[in-house]
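# Survey of secondary and tertiary structure
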Amino acid sequence: MPKDNIAIHVEHVDKSFNVYYDKTNTMKEKLLFWNRTKREVRQILKDISLEIKKGEVVGLIGVNGSGKSTLLKLMTKIIYPNKGKIETNGKLTSLLELGAGFHPDFSGRENIYFNASIFGLTRKEIDRRMEQIIEFSELKDFIDNPVRTYSSGMYMRLAFSVAINVDADILLIDEILSVGDQHFQEKCFQKIEDLKKEGKTIVFVTHGMESVERFCTRAVWLHQGSIKMDGETKTVIKQYLEETA
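Since the model is a prediction, treat every value here as computed from it, not as a measurement.

### Focus: the packing of aromatic side chains
All told, the structure shown has seven aromatic pairs when counted by the stated rule. Centre to centre, the rings of Tyr-150 and Tyr-155 are 6.4 Å apart; their planes meet at 90°, and the pair counts as edge-to-face. You can call Tyr-150 buried: its relative accessible area is 8%. Overall, the relative accessible area of 18% leaves Tyr-155 in the buried class. Members of the aromatic cluster, each reached through a chain of ring pairs, are Phe-102, Tyr-150 and Tyr-155.

### As for the packing of helix 5 (residues 152–163) against helix 6 (residues 182–197)
Running from amino to carboxyl end, helix 5 crosses helix 6 at an angle of 10°, the nearest separation of the two axes being 12 Å. One finds that helix 5 runs roughly parallel with respect to helix 6. Only Phe-184, Cys-188, Lys-191 and Ile-192 of helix 6 make contact with helix 5, whose side of the interface consists of Met-156, Arg-157, Phe-160 and Ser-161. Residue composition of the contact of helix 5 with helix 6, by class: five nonpolar, one polar and two charged.

### Thoughts on the environment of Phe-136
With respect to the element layout, Phe-136 can be found in helix 4 (residues 123–137). Taking the C-alpha atoms as reference points, Phe-136 and Ile-164, separated by 28 residues in sequence, lie 9.7 Å from one another. When sequence neighbours within four positions are dropped, the list of residues in contact with Phe-136 reads Phe-160, Ser-161, Ile-164, Phe-184, Lys-187 and Lys-191.

### Quick look at the sheet that holds strand 7 (residues 201–205)
Spatially, 5-6-7-3-8-9 is the arrangement adopted by the six strands of the open sheet, whose pairing is mixed. Looking at which strands have only one partner, the edges of the open sheet turn out to be strand 5 (92–95) and strand 9 (226–231). Strand-to-strand twist of the sheet, defined as the mean angle between neighbouring strand axes without regard to direction, takes the value 15°. Of the pairings in the sheet, the one linking strand 3 (residues 57–61) to strand 7 comprises four bridges and is parallel in character. In the strand pairing of strand 7, Val-57 is matched with Ile-202.

### Looking at the pattern of salt bridges
Using the criterion set out here, one finds 14 salt bridges in the structure. Put simply, Arg-42 and Glu-40 hold a salt bridge, and the shortest N to O gap is 3.6 Å. Residue classification places Arg-42 among the partly exposed residues on the basis of a relative accessible area of 37%. For Arg-214, the salt bridge goes to Glu-186, with nearest N and O atoms at 2.8 Å. Linking Arg-214 in helix 7 (residues 209–215) with Glu-186 in helix 6, this pair joins segments that are 28 residues apart in sequence.

### Here's the deal with the nonpolar core
Counting residues in each nonpolar core, the largest one holds 47 residues, and the members touching the most others are Ile-112, Tyr-150, Leu-158, Phe-160, Ile-202, Phe-204 and Val-212. Per-element accounting of this core gives the leading share, eight residues, to helix 5. Residues in contact with Phe-204, not counting those within four places in the same chain, are Val-57, Val-58, Gly-59, Leu-60, Ile-173, Ser-211, Val-212, Phe-215 and Cys-216. Formed by 24 residues, the second largest nonpolar core is a distinct cluster that contains Val-13, Ile-48, Leu-172 and Leu-222.

### Regarding helix 2 (residues 68–76)
Residues three or four positions apart in an α-helix share a direction because the helix packs 3.6 residues into each turn. Among the nine residues of helix 2, seven are classified as buried, and the element is accordingly described as predominantly covered. Here helix 2 has its buried residues at Lys-68, Thr-70, Leu-71, Leu-72, Leu-74, Met-75 and Thr-76. Lys-77 sits one or two positions beyond helix 2 and adopts a positive phi of about 70°.

What counts and what doesn't
Residues numbered from 1 in each chain as written. Predicted model: local features only at pLDDT ≥ 70, side-chain atom pairs only at ≥ 80, totals over all residues. Heavy atoms only, no water. Phe/Tyr/Trp six-rings, centres within 6.5 Å; stacked < 30°, edge-to-face > 60°. Buried < 20%, exposed > 50% of the residue type's maximum accessible area, 1.4 Å probe, protein only. Axes fitted to C-alpha atoms, helices over the stretch in contact; angles between N-to-C directions. Helix = DSSP H or I, 4+ residues; strand = E, 2+ residues; numbered from the N terminus. Parallel < 35°, antiparallel > 145°, perpendicular 65-115°, else oblique. Contact = heavy atoms within 4.5 Å. Nonpolar A, V, L, I, M, F, W, Y, C, P; charged D, E, K, R; others polar. Pairing = 2+ DSSP bridges. Salt bridge = Lys/Arg side-chain N within 4 Å of Asp/Glu carboxyl O. Core = buried A, V, L, I, M, F, W, Y, C linked by side-chain atoms within 4.5 Å.

Okay, structure coming up:
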């Protein structure tokens, strides 16, 4: 397949983290107990290889600790693999942590400028989209208040509204749609449907199999850091539910 048709290419990726026990904190402790720090290398992802085509909507499923969120963070280059490589083809935006990048003392409007600039928009581009972002978030009455006064649902509305209005080619979402009231969740789902019709590439992590079946053209099942199954959504979900029931 021509490389131009691939949005995300993951090749033989490993990811591990060092977990320290009895870690020394002060200089005195470091000198006295220099040989007592215990370290464990925890392997999170093992030899992951996959390609996601442009326009695909892919759901990453698996039990907690299977490596789904880690893989998504690697795709955004928030963290990097110990081995292998990940390539993305197109402008990318992500919703990985609720309100990540928001400054609590800045207003919602100020955080829109700050957050959207991280995604690569210029001041003029943000100005043109400001009202659209505020309207989608339904936070017009609160947009000039500090975000530290926002509820978690209001954070989610603002974060999602910015992310889906930066006109990205690839959108990565990690469980954020599980936050918020039913009305706004449905509004987000409808927006995802619209982006899907526009040919955007979407990858999201969720424990909600209904959402995966509703939106995804493909599902990837991660188990203990490896890909256990990758294929047609209903087939993968059926097998996953049978084995995890």
